[in-house]
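# Remarks on the overall topology
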Amino acid sequence: MSNKRIKDKDSGSERLTASVIKAVGLHLLVVILLFVSFSTAPTFEPAKPIVQATLVQLNSKSPATTQTEQRIAGEAERTAAQRHEAEELERQQQEQQKAQEAARAAEQQRQAEAAARAAEQKAAEQKAAEQKAAEERRQAEQVEKQKAEEARRAEAARKLAAEEAAKKKAAEEEARRKAAEEAKRKEEQARKQRAAEEAKRKAEAEARAEAERVARLKREQEEARARALADLLAEETQYQRAQADQFGDEVAASYDDVIRRYVSSQWRRPPTARNGMVVEVRISMLPSGDITDAVVVRSSGDPGFDQSAIQAVRNVGRIPEMQQLSRENPAAFDRLYRQRNLRFKPEDLDF
C-alpha cells in the first residue's frame with residue numbers, strides 16, 4: 001500500500017509539473033507574439049507642418065494672382081490631404097493602441113483565467129490528493145481495525161482453547177482421582193471382606209474345635225456313665241440291650257423323618273439326575289443339632305449329582321430337634337446321629 005501511495009504521489013507531481021510547464025510555455029508564446037506585433041507595426045512618416053492660408057477674395061485678379069491662388073489652393077489641398085493622412089495615422093495608431101490594449105487585456109484575462117483554472121486544477125488536485133490520502137488513511141485504519149479484530153479473535157480463540165484444555169485436563173485428573181479412589185475403596189473393601197471371611201473361617205474353626213471338644217468331653221462323660229451303669233446293671237445286660245435297641249429303632253425312625261424333611265426342602269435335583277443313581281453322604285452333627293460336616297462316602301458317578309446332595313445338607317445348617325434327643329438320651333444321639341449316613345436317589349431320600 002505504501003508503494004501504491006508513493007506511485008500516486010509521483011503521478012500527481014508529474015501532472016502538476018506538466019500543467020505548470022504548459023502554462024509557462026503559453027505565456028512565453030503570448031509574449032513572443034506581442035513582441036512580434038510591435039516590431040512589425042507599420043511606420044509612418046512624420047507629419048509635415050500644415051500651412052494654413054487665408055484666402056482673400058479680390059475683385060480684380062491678375063494672372064499672377066490667379067496662379068498664386070491656384071498654388072495656394074493646391075497647397076491647401078495637399079495640406080488637407082496631409083492632415084487627413086495624419087488624422088488617419090493617428091486614428092490607426094489609436095486603433096492599434098486600443099487593439100494592443102484589448103489584446104493585453106484579453107491576454108491578462110486569459111492569463112487570469114488560466115491562472116484561475118490552474119489554481120482550480122491545483123485545488124482540485126490537492127483536494128483529490130487530500131481525499132485520496134484520507135481514503136488511504138481510512139483504508140489503512142480499516143486494515144488496522146481488521147487486524148486488531150483478527151488479533152482479538154485469535155486471542156479469544158486461544159484463551160477459549162486454553163480454557164477447554166484446562167477443563168479437559170481437570171476432568172481427566174478428576175477421573176483419574178476418582179478411579180484411584182474407587183480402586184482404593186474396592187481394594188479396602190476386598191481386604192475387609194477377606195479379613196471378615198478369614199475371621200469367619202477362624203471363628204467357625206474355633207467353634208467347631210470347641211464343639212468337638214465339648215462333644216468329646218460329653219462323649220467321654222457319657223461313656224464313663226455308660227460303663228458305670230453297665231457295671232452296676234451287669235445282671236440285666238440282655239434286658240437293657242433289648243430295651244435300648246427297641247428305643248433306638250423308635251428314635252431313629254422318628255428323627256430320620258425329621259432329617260429327611262429338612263434335607264428334602266433344601267435339595268434341588270440336578271438336570272443330570274437319572275433313575276437308579278445313588279449317592280451316600282455322611283452327616284456329622286453336634287448335640288445342638290448343628291451340622292458340622294457332610295462328605296460323600298459312596299459316589300453316584302455323577303459329580304453334579306454328588307455335589308447337589310452335599311449342598312442340600314450344608315444348606316440345612318442346623319436341625320433343632322436333635323438338641324432334645326441329645327438332652328434326653330445322649331447315648332442314643334452319639335450312637336445314631338453323631339454321624340449318620342443319608343442316601344440320595346433321584347426318586348427319593350433314604351437311610
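For every chain, the first residue of its written sequence is number 1, and the numbers climb from 1 along that sequence. At least 70 in pLDDT is required for a residue's local features to be given in this predicted model, at least 80 for side-chain atom pairs to be given and counted, and no such filter applies to totals for whole chains, interfaces and linings, which use all residues. Remark: hydrogens and water are excluded; side-chain values derive from all non-hydrogen atoms of the structure.

Glancing now at the overall build of the chain. Only DSSP runs of H or I reaching four residues or more are called helices, and only runs of E reaching two or more are called strands; each is numbered from the N terminus. For the chain, the helix and strand inventory stands at 6 helices and 4 strands. Its helices and strands taken in sequence order, the chain reads α-α-α-β-β-α-α-α-β-β from the N to the C terminus. Taken over 351 residues, the chain has a buried fraction of 17%. When contacts within the chain are restricted to residue pairs at least 6 apart in sequence, long-range pairs at least 24 apart make up 75% of them. By element, 54% of the accessible surface of the chain is carried by carbon and sulfur atoms, the whole surface being about 25,900 Å². A 1.4 Å probe rolled over the protein chains alone gives each residue an accessible area, and that area as a share of the maximum for its type sets the label: buried under 20%, exposed over 50%, partly exposed in between. In what follows, a contact means two residues having at least one pair of non-hydrogen atoms within 4.5 Å. Per-residue accessibility takes into account occlusion by the displayed protein chains alone, with areas from the Shrake-Rupley method and a 1.4 Å probe.

So, on to the nonpolar core. To form a nonpolar core, buried Ala, Val, Leu, Ile, Met, Phe, Trp, Tyr and Cys residues must be joined to one another through side-chain atoms within 4.5 Å. Counting residues in hydrophobic clusters, the biggest one holds 28 residues, and the most contacted among them are Met285, Met322, Tyr337 and Phe344. Counting residues per element, this core draws most heavily on helix α4 (residues 303-316), at 6 residues.

With that settled, the discussion passes to the pattern of salt bridges. Throughout this description, the term salt bridge denotes a Lys or Arg side-chain nitrogen within 4 Å of a carboxyl oxygen of Asp or Glu. Per the counting criterion, the structure on display carries 17 salt bridges. For Glu88, the salt bridge identified is with Arg91, shortest N-O distance 1.9 Å. Note that Glu88 and Arg91 are positioned in helix α2 (residues 63-232) at a spacing of 3 residues, about one turn of the helix. What makes Arg91 partly exposed here is its relative accessible area of 33%. With a closest N to O distance of 2.3 Å, Arg177 and Glu174 form a salt bridge. Of this pair, Arg177 and Glu174 are both found in helix α2, 3 residues apart, which corresponds to roughly one turn of the helix. Relative accessible area serves as the criterion here: at 37%, Arg177 is assigned to the partly exposed category. Judged by relative accessible area, which is 30%, Glu174 ranks as partly exposed.

When we look at burial in helix α5 (residues 321-328), the residues that qualify are Met322, Leu325 and Ser326. The arc that holds the buried residues of α5, viewed along the axis, is 100°, so those residues lie on one side. The exposed residues of α5 that point more than 90 degrees off its buried face are Arg327 and Glu328. The arc in question is traced by the directions running from the helix axis to the C-beta atoms.

The next subject is the packing of aromatic side chains. For Phe, Tyr and Trp, where Trp contributes only its six-membered ring, two rings pair if their centres lie within 6.5 Å, and the inter-plane angle classes them as stacked under 30 degrees, edge-to-face over 60, or tilted in between. Evaluated as defined, the whole model comprises 3 aromatic pairs. Relative to Phe344, the ring of Trp267 has its centre 5.2 Å away and its plane inclined at 75°; by these criteria the two rings are edge-to-face. Linking Trp267 in the loop between α3 (237-266) and β1 (279-285) with Phe344 in strand β3 (residues 339-344), this pair joins segments that are 77 residues apart in sequence. There is no split in this pair, since Trp267 and Phe344 are both buried.

Our next topic: the side chain of Asp256. As for its placement among the helices and strands, Asp256 is situated in helix α3. Assessed through its relative accessible area of 8%, Asp256 is described here as buried.

So, on to α4. Side chains of residues three or four places apart in an α-helix project in the same direction, reflecting 3.6 residues per turn. The span one expects for a helix is its residue count, reduced by one, times 1.5 Å. The terminal C-alpha atoms of α4 lie 20 Å apart, and with 14 residues this matches the ideal 20 Å at 1.5 Å per residue to within 8%. When α4 is considered as a whole, its buried residues turn out to be Phe305, Asp306, Ser308, Ala309, Ile310, Ala312, Val313 and Val316. Here α4 starts with a cap whose side-chain oxygen sits 3.0 Å from the backbone nitrogen of Gly304, and that cap is Asp302. Just past α4, the residue Gly317 takes up positive phi, approximately 80°. Residues adjacent in sequence count toward polar contacts only when both atoms are side-chain atoms; beyond that, a polar contact is any pair of N or O atoms within 3.5 Å, and within protein one must be able to donate a hydrogen and the other to accept it.

With that settled, the discussion passes to the pairing of β1. The buried fraction of β1 amounts to 6 of the 7 residues, a majority that puts the element mostly inside the structure. Following DSSP output, two strands are said to pair if at least two bridges run between them. Here β1 pairs with β3 via 6 bridges, running antiparallel. For Arg282, the partnering residue across the bridge sits in β3 and is Asn341. Bridging between β1 and strand β2 (residues 291-298) involves 6 bridges; their strand directions are antiparallel. Note that in β2 the partner of Ile283 across the bridge is Ala294. The hairpin turn running from β1 into β2, its antiparallel successor, is 5 residues long, and Gly289 in that turn takes a positive phi close to 95°.

Okay, the environment of Ala118 next. Among the secondary structure elements, Ala118 is positioned in helix α2. Classification of Ala118 as partly exposed rests on a relative accessible area of 38%. Each C-alpha atom of the pair Ala118 and Ser19 lies 7.6 Å from the other, and the pair is 99 residues apart in sequence.

On to the confidence of the model for the chain. Each residue carries a pLDDT score, the predictor's own confidence in it, on a scale running from 0 to 100. On average, residues of the chain score 77 in pLDDT, and 73% of them are at 70 or above. Throughout residues 46-60 the model reports pLDDT below 50, and contacts reaching past four residues in sequence, or to other chains, amount to 10 contacts. A low-confidence stretch, residues 228-247 (pLDDT under 50), is modelled with 4 contacts involving residues beyond four sequence positions or located in other chains.

A separate point is a nonpolar patch on the surface. Residues qualify for a patch when their relative accessible area is over 30% and they have no salt bridge, like charges being joined within 9 Å and the nonpolar side chains of Val, Leu, Ile, Met, Phe, Trp and Tyr within 5 Å. A grouping of Val24, Leu28 and Ile32 is seen on the molecular surface, where their side chains present a nonpolar patch of about 280 Å² in accessible area. Val24 gets classed as partly exposed once you look at its relative accessible area, which sits at 46%.

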